[in-house]
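Here is what each chain is made of, one letter per residue.
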Protein chains: 8
Amino acid sequence: MDEKGIRKLLGRLRRGDADVEEVVGALKGAPYEELGGFATLDHHRMLRVGMPEVVFAERKTAAQVAAIARNLAARGPLLVTRLDAGKAAPARRAVRGARYDPVSRTLSRGRMELPVRGPVAICCAGTSDIPVCEEAAVTLEVMGVPAIRVYDVGVAGLHRLLARRGELDRAVVVIVAAGMEGALPSVVGGLVGKPIIGLPTSVGYGASLGGIAPLLTMLNSCAPNVTVVNIDNGFGAGFVAGLIARK
Amino acid sequence: MDEKGIRKLLGRLRRGDADVEEVVGALKGAPYEELGGFATLDHHRMLRVGMPEVVFAERKTAAQVAAIARNLAARGPLLVTRLDAGKAAPARRAVRGARYDPVSRTLSRGRMELPVRGPVAICCAGTSDIPVCEEAAVTLEVMGVPAIRVYDVGVAGLHRLLARRGELDRAVVVIVAAGMEGALPSVVGGLVGKPIIGLPTSVGYGASLGGIAPLLTMLNSCAPNVTVVNIDNGFGAGFVAGLIARK
Amino acid sequence: MDEKGIRKLLGRLRRGDADVEEVVGALKGAPYEELGGFATLDHHRMLRVGMPEVVFAERKTAAQVAAIARNLAARGPLLVTRLDAGKAAPARRAVRGARYDPVSRTLSRGRMELPVRGPVAICCAGTSDIPVCEEAAVTLEVMGVPAIRVYDVGVAGLHRLLARRGELDRAVVVIVAAGMEGALPSVVGGLVGKPIIGLPTSVGYGASLGGIAPLLTMLNSCAPNVTVVNIDNGFGAGFVAGLIARK
Amino acid sequence: MDEKGIRKLLGRLRRGDADVEEVVGALKGAPYEELGGFATLDHHRMLRVGMPEVVFAERKTAAQVAAIARNLAARGPLLVTRLDAGKAAPARRAVRGARYDPVSRTLSRGRMELPVRGPVAICCAGTSDIPVCEEAAVTLEVMGVPAIRVYDVGVAGLHRLLARRGELDRAVVVIVAAGMEGALPSVVGGLVGKPIIGLPTSVGYGASLGGIAPLLTMLNSCAPNVTVVNIDNGFGAGFVAGLIARK
Amino acid sequence: MDEKGIRKLLGRLRRGDADVEEVVGALKGAPYEELGGFATLDHHRMLRVGMPEVVFAERKTAAQVAAIARNLAARGPLLVTRLDAGKAAPARRAVRGARYDPVSRTLSRGRMELPVRGPVAICCAGTSDIPVCEEAAVTLEVMGVPAIRVYDVGVAGLHRLLARRGELDRAVVVIVAAGMEGALPSVVGGLVGKPIIGLPTSVGYGASLGGIAPLLTMLNSCAPNVTVVNIDNGFGAGFVAGLIARK
Amino acid sequence: MDEKGIRKLLGRLRRGDADVEEVVGALKGAPYEELGGFATLDHHRMLRVGMPEVVFAERKTAAQVAAIARNLAARGPLLVTRLDAGKAAPARRAVRGARYDPVSRTLSRGRMELPVRGPVAICCAGTSDIPVCEEAAVTLEVMGVPAIRVYDVGVAGLHRLLARRGELDRAVVVIVAAGMEGALPSVVGGLVGKPIIGLPTSVGYGASLGGIAPLLTMLNSCAPNVTVVNIDNGFGAGFVAGLIARK
Amino acid sequence: MDEKGIRKLLGRLRRGDADVEEVVGALKGAPYEELGGFATLDHHRMLRVGMPEVVFAERKTAAQVAAIARNLAARGPLLVTRLDAGKAAPARRAVRGARYDPVSRTLSRGRMELPVRGPVAICCAGTSDIPVCEEAAVTLEVMGVPAIRVYDVGVAGLHRLLARRGELDRAVVVIVAAGMEGALPSVVGGLVGKPIIGLPTSVGYGASLGGIAPLLTMLNSCAPNVTVVNIDNGFGAGFVAGLIARK
Amino acid sequence: MDEKGIRKLLGRLRRGDADVEEVVGALKGAPYEELGGFATLDHHRMLRVGMPEVVFAERKTAAQVAAIARNLAARGPLLVTRLDAGKAAPARRAVRGARYDPVSRTLSRGRMELPVRGPVAICCAGTSDIPVCEEAAVTLEVMGVPAIRVYDVGVAGLHRLLARRGELDRAVVVIVAAGMEGALPSVVGGLVGKPIIGLPTSVGYGASLGGIAPLLTMLNSCAPNVTVVNIDNGFGAGFVAGLIARK
């Protein structure tokens, strides 16, 4: 129940068309409606802030994904993440025009139309980190935020990063993905005076502990402009970067 | 050697006042100077992006802190963090007009004058998290970014948070500090479509593992607009928030 | 040897039909029988408290499961958990009328008939948590306790939870399953003044550490009415909830 | 604004003593009050479910504790936990009739008057666990729930536990505290068909990892009627037990 | 109630001096006495197997320790462990003839008189491990088992260990304490064909993780005759070694 | 060079057939031979203490296992552990009379003939722990030590354990395997005054952390007669038990 | 831009063929080129220090590996690591004369020609560690450094190690691989006064935690000449050893 | 028994002053002496490789340290590490001419005289890491190896590091200390083609986990010339660097 509904109800009460009990009863339910408004925690808020509800396809069946995707695509732009190629076909058929990208394992269609301050740069050290970066890139695409890909510029190729510093300087915010030791965000954080989103990846072996090592590295970064998202969470990195890039 | 110096040198070469060998020799040293420019990793970059070098006082003696603070304060705004009250006196004497705040354990003076898009909101659950929040607040103050304090609005007092939602809506970015279970950033992340900086604190006991539990909670947040900084890292949260708030 | 047997034996002694040695000998064995009574740790106690011994099928062969299930089903209600579909057939054939549920991976038949105070509500955030919840639901079914399913009401859909608050209010105790950040039990714990059983699930990735992150979140819950069971332990959550719901 | 206040306001509207704008304005604030009602996460809910807001004194100053305690004690029963003896004096002076217990480190006054189904038993292995148990006991006392103390009955004294089994059988729910290996909840869980609340304590050394070892033991309990709270969380254990014991 | 008591009671029943009800009532209590016998988990069993109940003084007050020590010393040999020098005086006064050893932090008096197969050797790498070893040595002394101290024979002094191999060969079982890397038990395990009890100590720093590193080393020992006790658990190591050394 | 060789050499020196230089040179090499004697770390020592070198088949090819097994079987009793059924055939063919046991995944032939003090009891909680126990049992068999199997007597069936207490009392040492919470060794340790070898298994899920939880439980056992081996290390448990059981 | 380019440019300026603006513009880009020189972090530096860029084939497709290998092989010696046999064929075809080694999973061709001080010894305990050692050996081969393989000399065969001590003494540096308890590097570190590179392997089970246990052992080594590389990092161990062995 | 003693004994045998039995008996003891030679694990080896036994003063009393220091100083150069200022006086008095350095907490006197290939560079990020670096520097001093201190050149001051690259290039091996994120060794490893010894320090807070975070970073370094020592192990880093620097 929104304000309009409440006014209407109170008008009825005032006119004698409703009695106190009825209004109290309705208002008792109202908080749920108000809280429906409160459910800014929900996809409603998502839509309002320029991002439709996103489908996390892991542990869902191909049929479930297809059903949800069709439903959401009817309401606006669509983004499905962590969708294995083997499960993508039904959803692709369900949503005409949807594009499945096997690298980022995303299915998407459409894009938000909101004003942005500038592009987001996405850096990573090596080719193994690219799938996670592409998940961020597709997320930005759906948010209508331009992405600058600066791939394969790890500490073992820093001159290439430096050679592309102009692109970093154009960005409003920089996503930096790294596995193994995870030192790249600190280095980039020292190069550009922008917010850096550290994106640890599970690339590595042994003492990288499935991404815990780069995660800790980034959390302890001596470059104070680095914040961190979960391991392999390309979507989250892309989404926050998109929010920062918006006007 | 800065651009001005290079121009002067090249002018001398052109005029025949210097020969190629001399210029090559000078330029050979230049990269270090250029790299001094490259040292965007360094406080030079800091100053350029609107934040002077910050002193982390832990493990430094009172005399060391005072000496560094005097040196830095001569160049611009000053911020010293993690400065125990017992070590603050020499630095306060060394920097006329510096303000020591015992809650955030910071010493500061002056502020940046850079255009900002809007204020930063700082939320926390309870009184125990306030010192960490105040470190963020003082950092923002030195950066010249207005801060909105929304304290004592933990999950056990969410209505107070909701009552102050207007203030959250005015903010460009929201810092959310929480210890124990660390669920507050997710809740705030669901309420406002802004970037949220999760700031885990070491408040708690037992299975909170000195802040590891809220850190993990925030990294796994189902609200995708949450990024995370190190445990008790109020300065880092404030600094990134300030960068995001800038134009 | 139960009390009846002891009385009989003592009567024989009194009547002179048995001598002291014989009775001492029999009583010497009795503790084991008494301890059989003591073995309230065992399925005997289980049966008495209204729950037959439950079969944990993991690491057992299909043939072993079938044999045990047939034996137990002859004595009362049957519950087999963690039974993969591929191993279920022999047990289904062994126990006429048994129902295999592929979602919860349970095989069950019959139900306890004991008085209950009211239903148990089972909440979860998303569809991925449903199998664990259904294990709890089937457990309650066998215990003869009604279950109210409140699924898909995670923090990203809290309004739906609130819309169904009446159902939560009807419950005597609430099971709340959550993976990833595991914040839902705290939120539900703040909404209803009932005992909450936090049920962490292994749904998530990266820093969720296979369920350790939501487990820690729940253990550190700022809502003091939350207790916690093992990761993915739907049976345990259901069983404790059933005990609380009983008169 | 509670239901009574809303009825009064609506009556005024109906009688023409208030107009729609005024009522809308008042109700607009109401959601916050309603959300105060929603803030079942908050002490309002606490009071309704029979437990006033509880003060966690750790990291608060003696003066803060005294101020909060005075405020709360004016509204109902008072419970302050984790209050070191050295900080207790101001709060004791602030609340006439408050009792400070140095063992449990609690300050309390008054008690709830709500119907209960029966007492709560509190068991522990050794004298080192008693402070944590007493925190649970004082919590139950404030909740108006009788507590049966069954202390010093660890695995190294199980016969004493068994000798007092009648007391356990009288309880509606049993709290079992244990440090070191934490096996006692499983043993008690096997003896009595009641909900068991495992309360791991930080008593131990070396590989007990500050309570992590007994916590893991309890989470993996083979007795399925065991749920677990945080390490040393006597208040939480007492609170949940009190909720379960209520009618 | 012991066997003698049962015979007496049955005699009375047989003679008609007691009726069945009385005997059943008495026997109903008996299991607890029998379980007192069952409480082999308890100090009764301890005494029977040649070891009195041992007092773990940590977290107990000096007065509590003194009271318990006086009580136990009246029944047999006495052993108090982890007793800081500052708390020892009252217990020393309470037990005439008790010896306090500040190195092992034990208070002891008397010794068991049971046949043994041979001595126990106690090895350690360096002087820092000696306090833990002495706790084992005093335990063995109270058990009446001779101890051979082979101290300061770490990997950095292996020739000294080898020089004393004859002593190791005379031992029935060898306790090997080590901190840091914890490799000594494996080396000793390879030298002598005896059961080795690995006793990890918290001696070390950094990645020794308070004794976790040597604990893991010993658990993974490639010498298959190594078993392990808790970190710094000299009493446990001594007690098990004493049991193995007994006939 | 063995003692015989040295005598021969010294005889030559004495007879003047060798000079001092030659003997010194030979003796300088001797330590390696002596150290061959020193290599009590090696299978030579193994054989002497009554246990041949044991083959750990994991990560070895079927052909490698067969070659090693043939070689060892020519020298004495044979034991191969962790040999998957799929790799066993070549080794079975290579060693006439070898017995492959699919439960314990061992291949064995022959047995030591050394005097023993009595049997070893092997307990476990459930059927899932049996393979690990059987590895211990086969190890004992090869060592010529009788084993008493007391399986399926977990905390959820303690009366069965108690019913078989006589068998435990006959044992010289008891191996107790347990997964999940790992409490069984403490319980058995309280029942019998014998050395207990705790054998944690990886049976369990979630917070059992692949056997870490029962491992910690056993290390923190309040029964002081418990020592611990590595997770699933049935061979190690059996070997140490066999050593203890020997005269 | 290298020094030659700069000289040419300055010559043009001096001759009036370029003006200051043009040169400043060119030099502004120069730092990137200089930084290309700075990118000693990169394969350029690698080549200069005598090691071409190495391809880590994990997570790369067979086609990607082949393309990169062909490119690199055109510039100098080639080393591809972690290349599964199933992915090796395209790269083998792409690089004529390349050798694929299925044990170390490496593809290599050619070798550096730089002066070395002496050979590198590679030790390991058992056959399971050989693949990791061979990765180090092939790395050394490509670096042009002779390797001495001292395999199968674990603590359970130390006399064989001692017998080959002469080979260890000839080495400039010793790589010591070990899984399980990881004690071998300490033992070797005590035998030879050379730098020891501890190479923990994931060989083991249970509490070896995938190599964490030997890693911790080596980090806590009481032999102070031990440094450590990542778990299973044969390439890294070989590379550092090769650098140390160079003149 | 050393070689001289053996020659003397053999001379007696040859002259008929001793018989074979006597010599065999003496030689039977000899291996221990030979093993004293074997005890290259011991300080004898240390001395031979140019490093006397080093005293780790932690957990030793001032008197113990003084006694050991006096004894060792009589035999050669002296190095005592981890010696708190409060415990240093007796040792200083005991060893004439010893120098106590409060920064590195070392006591030392004298130096080895062995040929070296060149100096060792010691880098660190900030002033907090200096004490650990100085422990390495003093170790090198005692080894007679020149040290180049390159302090305060962390990622936040990389240009200073680059400005001093000539010094790094002169070094044979580089020690790089870092706390917090620990990225500096990778950066230095990319700059210079030398062996890098990563020295993680416990400088940091929160998720640096007492040095575990930089330790993991260094173990996962993408610069393959990095090996790692224990947290805060300045002595170990210095010792290995000294060995590498020797001819």
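Our structure is the block above this text.
How each quantity is defined
- Residues numbered from 1 in each chain as written.
- Chains lettered and ligands numbered in written order.
- Predicted model: local features only at pLDDT ≥ 70, side-chain atom pairs only at ≥ 80, totals over all residues.
- Heavy atoms only, no water.
- Contact = heavy atoms within 4.5 Å.
- Buried area = accessible area lost by both parts, 1.4 Å probe.
- Salt bridge = Lys/Arg side-chain N within 4 Å of Asp/Glu carboxyl O.
- Polar contact = N/O pair within 3.5 Å; in protein donor to acceptor, adjacent residues only side chain to side chain.
- Helix = DSSP H or I, 4+ residues; strand = E, 2+ residues; numbered from the N terminus.
- Nonpolar A, V, L, I, M, F, W, Y, C, P; charged D, E, K, R; others polar.
- Least-squares fit on C-alpha atoms with pLDDT ≥ 70 in both.
- Buried < 20%, exposed > 50% of the residue type's maximum accessible area, 1.4 Å probe, protein only.
- Pairing = 2+ DSSP bridges.
- Right-handed = clockwise from strand over helix to strand, strands pointing away.
- 1 Å grid on protein atoms, 1.4 Å probe; cavity = no way out; pocket = protein on both sides within 12 Å on 5 of 7 lines; lining within 4 Å.
- Points joined across faces, edges and corners; volume = space filled by probe spheres on them.
- Axes fitted to C-alpha atoms, helices over the stretch in contact; angles between N-to-C directions.

Draft legend 1. Structural context of the interface of chain D and chain C. With 39 residues of chain D in contact, the opposing surface of chain C contributes 38 residues. Surface buried jointly by chain D and chain C totals about 2900 Å² across both partners, of which 68% is contributed by carbon and sulfur atoms. Among the residues of chain D in contact with chain C, L219, P224 and T227 of chain D are the three that bury the most area, contributing 20% of the side total. Taken together, the links from chain D to chain C amount to 0 salt bridges. Linking chain D to chain C there are 6 residue pairs in polar contact (both at pLDDT 80 or more). Secondary structure elements with two or more residues in the side of chain D that touches chain C: α2 (20–38), α3 (43–48), α9 (184–191), α10 (212–219), β9 (226–228) and α11 (234–245) of chain D. Counting residues per element, the side of chain D that touches chain C draws most heavily on α11 of chain D, at 6 residues. A breakdown of the residues in the side of chain D that touches chain C according to their chemical character gives 22 nonpolar, 11 polar and 6 charged.

Draft legend 2. Seen up close, the relation of the copies chain D and chain C. Turning chain D through 179° and shifting it by 0.4 Å along the axis lays it on chain C, with an RMSD of 1.0 Å. When the rotation and shift are considered jointly, the pair of chain copies conforms to a two-fold rotation axis. Relative to the rotation axis, the closest C-alpha in chain D is found at V228 of chain D, a distance of 2.6 Å. A share of 97% of the interface residues of chain D reappears at the interface of chain C, consistent with the copies meeting face to face through the same patch.

Draft legend 3. Structural view of the pairing of strand β2 (residues 78–81) of chain E. Residues and elements named next belong to chain E. The alternating pattern of β2 places L78 and V80 and L79 and T81 on opposite faces, both of which are buried. In terms of strand pairing, strand β1 (residues 55–56) meets β2 through 2 bridges, oriented parallel. Bridge pairing links F56 to T81 in β2. Read as a crossover between parallel neighbours, the route from β1 over helix α4 (residues 62–73) to β2 is right-handed. Here 3 bridges tie β2 to strand β4 (residues 106–109), and the two strands are oriented antiparallel to one another. Following the sheet pairing, V80 is matched in β4 by L107.

Draft legend 4. Broad picture of the layout of surface pockets. By volume, the largest pocket is sized at about 1800 Å³. Forming the boundary of the largest pocket are 39 residues, of which L209 of chain A, L209 of chain B, L209 of chain C, L209 of chain F together with L209 of chain H lie nearest the centre. Looking at the lining of the largest pocket, the elements that each hand over two or more residues are α10 (212–219) of chain A, α10 (212–219) of chain B, α10 (212–219) of chain C, α10 of chain D, α10 (212–219) of chain E, α10 (212–219) of chain F, α10 (212–219) of chain G together with α10 (212–219) of chain H. Partitioned by chemical class, the residues of the lining of the largest pocket number 39 nonpolar, no polar and no charged.

Draft legend 5. Inspection of the sheet that holds strand β3 (residues 99–101) of chain A at higher detail. Residue and element names in this part refer to chain A. Spatially, β1-β2-β4-β3 is the arrangement adopted by the 4 strands of the open sheet, whose pairing is mixed. Only two strands of the sheet have a single partner each, and these edge strands are β1 (55–56) and β3. Sitting on the sheet, helix α4 (residues 62–73) is in contact with β1, β2 (78–81) and β4 (106–109), with an inclination near 155° to β2. Each of β2, β3 and β4 is contacted by helix α6 (residues 130–143), which is oriented at about 165° to β2, the strand it contacts most.

Draft legend 6. Geometry of the environment of A66 of chain G. Residue and element names in this part refer to chain G. Its location among the elements puts A66 in helix α4 (residues 62–73). Taking C-alpha positions, A66 is 31 Å from A245, a pair spaced 179 residues apart along the chain. Not counting residues up to four positions away in its chain, the partners in contact with A66 are P90, A91 and A94.

Draft legend 7. Looking closely at unusual backbone geometry. Residue and element names in this part refer to chain A. The phi dihedral of D152 falls on the positive side, at around 65°, and the residue is not glycine. Its place among the elements puts D152 in the loop between β6 (147–150) and α7 (158–163). Residue class for D152 comes out partly exposed when judged on its relative accessible area of 33%.

Draft legend 8. Just helix α9 (residues 184–191) of chain C, in detail. With 8 of its 8 residues buried, α9 of chain C lies for the most part within the structure. Along α9 of chain C, the residues that are buried comprise L184, P185, S186, V187, V188, G189, G190 and L191 of chain C.

Draft legend 9. Local environment of the interface of chain H and chain G. With 37 residues of chain H at the contact, the number on the chain G side is 37 residues. Surface buried jointly by chain H and chain G totals about 2900 Å² across both partners, of which 68% is contributed by carbon and sulfur atoms. If you sort the residues of chain H by the area they bury against chain G, L219, P224 and T227 of chain H come out on top, with a joint share of 20%. Run the count over chain H and chain G and you get 0 salt bridges. Applying the counting criterion to the chain H and chain G interface returns 6 residue pairs in polar contact (both at pLDDT 80 or more). Contributing elements (two or more residues each) for the side of chain H that touches chain G: α3 (43–48), α9 (184–191), α10, β9 (226–228) and α11 (234–245) of chain H. Here the element with the most residues in the side of chain H that touches chain G is α11 of chain H; it accounts for 6 residues.

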